[in-house]
Amino acid sequence: MPNVTIPRKAWLALVAAGLAMFLVGVDGSIVNVAFPSFRRDFDGVTNAQLSWVLNAYVLVYAALLVVSGRLADRAGRLRVMSFGLAVFVLASIGVAAAPVPFFLIAMRALQGIGAALITPASMGLVIASWPSERRATAVTLWGACFASANAFGPAIGAGIIELANWRWAFLINLPIGVGAFVLSKQVFNETPKDESAAKPDITGGALLSCATALVVLAIVQGRKWGWLSAGTVLSVAAGIMLFVSFAYRNKRHPEPILPKALVQIQSFRRASVALFVFTLGMYALMLSLVLFLTDAWDYSIGVTGLSTAVGALAVTVGATFAGPLADRYGHRSVAGPGTFICAFGMFWWITMLSEQANYWSGYLPGLLLSATGMGMTLGVLAAAGVSQVSPEYFSLAGGVTQTARQFGGALGLAVMFAITGEPSNPGEAYDLYKWAFGFIMISSLVACVLVSRVKTSKPKIG
């Protein structure tokens, strides 16, 4: 790899986009430790109602990523990201001030809209700001901001809730969001609007968003509704029908949501599939590493947050080294070992964890292995997905890869909950989570095989 100098402005661009993605990531994980506080503040609220605090965000976020990516490439990435930051911050204020559960859920859905606008646009801005030869470094570090925020979120949220209350945990979004907004205006140049004669396929975008939302709804609600219940089956069936309608329309529209030139890129397709399979296990891992400590070892929320915080550092360290290595040796040379290290971390937990807490000899080594592997893999696979994509599709390609990630994550969580259920005592929780770790190990090994088929070359600059 030639010695390419990275301009100072490119690093500042990464900081601005990284702050935006840290905002999205930390908010998504803070909510996991806030649920007990929700129950105390809102008298009479049910678990089913509270589940929508998470589900509303996930549904809207996943449904709009691809459409948002297309919008960013056409209308201007900085414009879309800035609007997304404003929406996210205002919605965060609404969450913190929520007087009733319905308003809280509505504001979480609005946060999902802001997050969907931020994610593909920020990725596209980073890619365009960095030399093409160092694209894997840029995308991996961008992804590390999101992954480390997810990992740090429980510790940050637990600390704030212990010192104040859950409302202050969401107000942390204000300084982060304002900082990202101000810095992005200083370091990014707006991408020009696409003045093509063909109008964007609004109907196709609506079909794709609705199809995605219905399938994700079936995944996240399947455990409560029953996997063969009428609601689940109808949601999946309707989602599939809308996907088919979208595919039919996408082939014939002069300005489709998913252009043929993008879909035909082999590295883009294979990296997206590998990312989907890998995140089947990784989202389940991020939640189970918290639930195992509370359910099987009876740790408090505060101690759990501190016990898992080292995982965030391992994710960050793994990602920091992974990007430059991928630029030098290729994406699969880094992501392949990363997936295997994750699998080995799960094998360690399966064989070394005991029913009585053995954090230092059992839990910590597995956490460090799996978190490091995660940092080596997530961003590198996202970089592989855009490695041969031409500049006009940077944000769209990012939206597709992140949608694959959200699909995989939602399905992986559903599988994990199906395995673990609701354990009645620590001993039962210990046994059930061992099976969940086995599922995560298998998904990592399958992803390892898929990564071996991801072939990339020098990016096509068009």
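Just so you know, these numbers come straight off a predicted model, no measurement behind them. (Residues numbered from 1 in each chain as written. Predicted model: local features only at pLDDT ≥ 70, side-chain atom pairs only at ≥ 80, totals over all residues. Heavy atoms only, no water.)

Chemist: Is there a simple way to think about the overall build of the protein in this case?
Modeler: Each helix and strand counted, the protein has 16 helices and zero strands in total. In summary, the protein has a C-alpha radius of gyration of 21 Å against a globular reference of 23 Å for 462 residues, a match within 12%. Over its C-alpha atoms, taken along the principal directions, the protein stretches across nearly 60 × 45 × 45 Å. Counting the 462 residues in the protein, one finds 58% classified as buried. As presented, the protein carries roughly 18300 Å² of accessible surface, and 68% of it is formed by carbon and sulfur atoms. With 31 positive and 19 negative side-chain charges, the protein shows a separation of 12 Å between the mean positions of the two kinds. (Helix = DSSP H or I, 4+ residues; strand = E, 2+ residues; numbered from the N terminus. Rg over C-alpha atoms; globule rule 2.2 N^0.38 Å. Buried < 20%, exposed > 50% of the residue type's maximum accessible area, 1.4 Å probe, protein only. Areas by Shrake-Rupley, 256 points an atom, 1.4 Å probe, with all protein chains shown as cover. Lys, Arg positive; Asp, Glu negative; His and termini not counted. Charge placed at Lys NZ, Arg CZ, Asp CG, Glu CD.)

Chemist: Just checking my understanding: could you explain unusual backbone geometry for this structure?
Modeler: For residues other than glycine, phi is negative in most cases, and the peptide bonds are mostly trans. Positive phi is not limited to glycine here, since Asp-298 has a value of about 60 degrees. In this fold, Asp-298 is placed in the loop between helix H11 (266-295) and helix H12 (301-329). Given the relative accessible area of 61%, Asp-298 is considered exposed.

Chemist: Is there a simple way to explain the side chain of Gln-406 in this structure?
Modeler: Relative to the helices and strands, Gln-406 resides in helix H15 (residues 394-420). Those residues within four positions of Gln-406 in sequence are excluded, and the remaining contacts are Tyr-61, Ala-62, Leu-65 and Tyr-283. (Contact = heavy atoms within 4.5 Å.)

Chemist: Help me understand the nonpolar core in this model?
Modeler: Looking at soluble globular proteins, one finds that nonpolar side chains tend to be buried together. Formed by 109 residues in total, the largest nonpolar core has its most connected members in Phe-188, Leu-262, Phe-292, Trp-297, Trp-349 and Tyr-363. Setting aside residues up to four positions removed in sequence, Trp-349 forms contacts with Leu-285, Leu-289, Gly-362, Tyr-363, Gly-366, Leu-367, Lys-434 and Phe-437. With 21 residues, the next largest nonpolar core counts Val-26, Val-45, Leu-104 and Met-107 among its residues. (Core = buried A, V, L, I, M, F, W, Y, C linked by side-chain atoms within 4.5 Å.)

Chemist: Explanation requested: the packing of aromatic side chains in the structure shown.
Modeler: One pair of aromatic rings is described through two measures. These are the centre distance and the angle between the planes. Counted by the stated rule, this structure contains 17 aromatic pairs. On the basis of an interplanar angle of 45 degrees and a centroid distance of 6.5 Å, the ring pair of Phe-292 and Tyr-430 is categorised as tilted. One end of the pair, Phe-292, is in helix H11; the other, Tyr-430, is in helix H16 (residues 426-451), with 138 residues separating them in the sequence. You'll find Phe-292 and Tyr-430 in the same group, each marked buried. Three or more aromatic residues link up through ring pairs in this structure, and these residues are Phe-292, Trp-297, Tyr-299, Trp-349, Tyr-359, Trp-360, Tyr-363, Tyr-430, Tyr-433 and Phe-437. Sitting above the plane of the Tyr-57 ring, Arg-108 keeps its charged end 4.5 Å from the centroid. In this arrangement the basic side chain of Arg-252 is found over the ring face of Tyr-248, its NZ or CZ atom lying 3.8 Å from the centre. (Phe/Tyr/Trp six-rings, centres within 6.5 Å; stacked < 30°, edge-to-face > 60°. Lys NZ or Arg CZ within 6 Å of the ring centre and 35° of its normal.)

Chemist: Sorry, what's going on with the pattern of salt bridges here?
Modeler: Note that side chains of opposite charge can pair when their charged atoms are close. Tallied over the entire structure, the rule returns seven salt bridges. The closest approach of N and O atoms between Arg-74 and Glu-255, which form a salt bridge, is 2.7 Å. On the criterion of sequence distance, the pair formed by Arg-74 in helix H2 (residues 47-75) and Glu-255 in the loop between helix H9 (230-252) and helix H10 (260-263) is long-range, its members being 181 residues apart. You can call Arg-74 buried: its relative accessible area is 12%. For Glu-255, a relative accessible area of 11% puts it in the buried group. Salt bridges sharing partners connect three or more residues here, namely Arg-70, Arg-74 and Glu-255. (Salt bridge = Lys/Arg side-chain N within 4 Å of Asp/Glu carboxyl O.)

Chemist: What am I meant to see in the packing of H11 against H15 here?
Modeler: In helix packing, the relevant descriptors are the interaxial angle and the interaxial distance, both defined with respect to the helix axes. Packing of H11 against H15 leaves a shortest axis separation of 7 Å and a crossing angle of 40 degrees. Taken as axis vectors, H11 and H15 run oblique relative to one another. Here H11 runs over H15; the crossing is right-handed. Here the contact of H11 with H15 is composed, by residue class, of 16 nonpolar, eight polar and one charged. (Axes fitted to C-alpha atoms, helices over the stretch in contact; angles between N-to-C directions. Parallel < 35°, antiparallel > 145°, perpendicular 65-115°, else oblique. Left-handed = near helix turned anticlockwise from the far one by under 90°. Nonpolar A, V, L, I, M, F, W, Y, C, P; charged D, E, K, R; others polar.)

Chemist: Help me out: how do you make sense of helix H7 (residues 173-187) in this one?
Modeler: One turn of the α-helix equals 3.6 residues, which is why residues spaced by three or four share an orientation. The end-to-end C-alpha distance of H7 is 21 Å, a good match for the 21 Å that 15 residues give at a rise of 1.5 Å each. Every buried residue belonging to H7 is among Asn-173, Ile-176, Gly-177, Ala-180, Leu-183, Ser-184 and Val-187, and all of these are buried. With its buried residues spanning 140 degrees around the axis, H7 presents them on a single face. Pointing more than 90 degrees away from the buried face of H7 are the exposed residues Pro-175 and Gln-186. (Expected span 1.5 Å × (residues − 1). Arc of directions from axis to C-beta.)

Chemist: Just checking my understanding: could you explain the state of the cysteines for this structure?
Modeler: Among covalent bonds in proteins, the disulfide is the one between the sulfur atoms of two cysteines. Taken as a whole, this structure holds zero disulfides when the rule is applied. Summary of cysteine pairing: Cys-145 is not part of a disulfide, and the nearest cysteine sulfur, belonging to Cys-342, is at 19 Å. (Disulfide = S-S within 2.5 Å.)

Chemist: Explain the packing of H11 against helix H14 (residues 359-386) to me, please; I cannot follow it from the model alone.
Modeler: One way to put it is that H11 packs onto H14 with a least axis distance of 9 Å and a crossing angle of 155 degrees. Comparing their axes, H14 and H11 come out roughly antiparallel. Regarding H11 and H14, the two cross each other, and that crossing is left-handed. Looking at the contact of H11 with H14, its residues break down into 17 nonpolar, six polar and no charged.

Chemist: Any chance you could explain the confidence of the model for the protein here in plain terms?
Modeler: Caution is warranted with low-pLDDT regions, since their predicted coordinates should not be read in detail. Here the protein averages 88 in pLDDT, and 95% of its residues register 70 or above. Mean pLDDT values for the elements of the protein range from 81 in helix H5 (residues 135-163) up to 96 in helix H13 (residues 331-352). Contacts of residues 458-462 to residues separated by more than four positions or lying in other chains number 17 contacts, the stretch itself having pLDDT below 50. (pLDDT = per-residue confidence, 0-100.)

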